[in-house]
Amino acid sequence: MAPRRCPIEAAAKAFSLAVIISVVSAAAPAPAPAPANKNHTVGGAAGWFYNTNSDAPSANYSDWAASQTFYLGDFLIFNTNTNSSVVQTGNDTTYSLCDASNDDGNQTFLWGSDGGDSNSSNPQVLEIPLIYEGPNYFFSDTMDGEQCQNGMKFEINVLHGNGLPPALKQPPSPSPVPKPLPPTSTGGGGSSNENQTSGKNGVEGIRGGFVLAILGMLSLFLTTV
């Protein structure tokens, strides 16, 4: 016959185990809170510039990005000029091709100047909030992507941190990158205005004929009566 366990002894052991678990839990370090949101000046003191004489950007932006930690709600500050554009995308193909027009979705945005005139140098400061968790890509597609191909680009990984601040949950939208429109068909050389006018006249003619038919039927009905 197995010996019976004393209830007092069992309770004492259970109490001791609970105390040990409590001590271990208290000794375990709590996860460190995410740091407060901050501004990241892209390129540091070098800024976001491109030297057209040397065909090179003012900094190694990949190295700069690797030295930073990014969280939702942080801002990227681009000290730049209208000689360069700032394109943001979540499409890695668009980024690798240095071609903003390559994106067939809604993942690519243009901030500030499009950098269309590589000879201009009007200063501008762009403040871009990080509102997309995960990979984010930035580049300049000025000079048909040549600035990007020569190193004016970087990618970052945005961590969740404390999540988006309430003020950024519905942020102002950047400008979508414009896309070329297909040419308008003129129907054998006629202008689109002429085609539109012709179509309008055709509809009006159909309406007029219908009204005349109704009037004729009404006249015939009154004569019969």
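Anyway, here's the lowdown on the structure attached to this text. Just so it is clear, the model here is predicted, and its values are computed rather than measured.

## Re the overall build of the protein chain
- Scanning the protein chain from terminus to terminus reveals 5 helices and 11 strands.
- Within the protein chain, buried positions represent 29% of all 225 residues.
- In the protein chain, the proportion of contacts linking residues at least 24 apart, taken out of those at least 6 apart, comes to 74%.
- For the protein chain, the computed accessible surface area is about 14,500 Å², with 58% contributed by carbon and sulfur atoms.

## Some details on the side chain of serine 113
- Structurally, serine 113 can be placed in the loop between strand E7 (108–111) and strand E8 (123–129).
- A relative accessible area of 17% means that serine 113 is categorised as buried.
- The residues touching serine 113, leaving out its near neighbours within four places in the chain, are Thr82, Ser84, Ser85, Val86 and Gln124.

## Considerations on the packing of aromatic side chains
- Taken as a whole and assessed by the stated rule, the structure comprises 10 aromatic pairs.
- On the basis of an interplanar angle of 90° and a centroid distance of 5.2 Å, the ring pair of tryptophan 48 and phenylalanine 78 is categorised as edge-to-face. Here the residue tryptophan 48 occupies a position in the loop between strand E1 (39–41) and strand E2 (50–51), and phenylalanine 78 occupies one in strand E5 (residues 75–81), the gap between them amounting to 30 residues.
- With a centroid separation of 5.3 Å and an interplanar angle of 20°, the aromatic rings of phenylalanine 138 and phenylalanine 154 are classed as stacked. Linking phenylalanine 138 in strand E9 (residues 134–139) with phenylalanine 154 in strand E10 (residues 153–159), this pair joins segments that are 16 residues apart in sequence. Comparing phenylalanine 138 with phenylalanine 154 shows no difference in burial state: the two are buried.
- Taken together through their ring pairs, the aromatic side chains of Trp48, Tyr61, Trp64, Phe70, Phe78, Phe138 and Phe154 make up a single cluster.
- Above the ring of tyrosine 95, the side-chain terminus of lysine 153 is found at 5.3 Å from the ring centroid.

## Some details on the nonpolar core
- Counting 21 residues, the largest nonpolar core has Leu76, Phe78, Phe138, Phe154 and Ile156 as the members making the most contacts within it.
- Apart from residues no more than four positions distant in its own chain, phenylalanine 138 is found in contact with Leu76, Phe78, Val86, Val87, Gln88, Tyr95, Ile128, Leu130, Lys153, Phe154 and Ile156.
- Counting 8 residues, the second-largest nonpolar core is a separate cluster that includes Val87, Tyr95, Ala100 and Phe139.

## Focus on unusual backbone geometry
- Even without being glycine, aspartate 55 reaches a positive phi, approximately 50°.
- Mapped onto the secondary structure, aspartate 55 falls in the loop between E2 and strand E3 (56–57).
- Judged by its relative accessible area of 34%, aspartate 55 is partly exposed.

## Observations regarding the pairing of strand E6 (residues 86–89)
- Alternating positions in E6 separate into two faces, Val86 and Gln88 on one and Val87 and Thr89 on the other, with burial throughout.
- The sheet contact formed by E6 and E7 spans 4 bridges and is antiparallel. Counted as the bridge partner of valine 86 is tryptophan 111 from E7.

## Section: the sheet that holds E5
- Strand order in the open sheet made by the 3 strands is E1-E5-E8, with mixed pairing throughout. Each having just a single partner strand, E1 and E8 make up the two edges of the open sheet. Strand after strand, the sheet turns through a mean of 25° between neighbouring axes, direction not considered.

## Quick word on the environment of lysine 38
- Among the structural elements, lysine 38 can be located in the loop between helix H1 (7–27) and E1.
- Ignoring anything within four residues of it in the chain, the contact list for lysine 38 reads Asp74 and Phe75.

Calculation criteria
Residues numbered from 1 in each chain as written. Predicted model: local features only at pLDDT ≥ 70, side-chain atom pairs only at ≥ 80, totals over all residues. Heavy atoms only, no water. Helix = DSSP H or I, 4+ residues; strand = E, 2+ residues; numbered from the N terminus. Buried < 20%, exposed > 50% of the residue type's maximum accessible area, 1.4 Å probe, protein only. Contact = heavy atoms within 4.5 Å. Areas by Shrake-Rupley, 256 points an atom, 1.4 Å probe, with all protein chains shown as cover. Phe/Tyr/Trp six-rings, centres within 6.5 Å; stacked < 30°, edge-to-face > 60°. Lys NZ or Arg CZ within 6 Å of the ring centre and 35° of its normal. Core = buried A, V, L, I, M, F, W, Y, C linked by side-chain atoms within 4.5 Å. Pairing = 2+ DSSP bridges. Axes fitted to C-alpha atoms, helices over the stretch in contact; angles between N-to-C directions.

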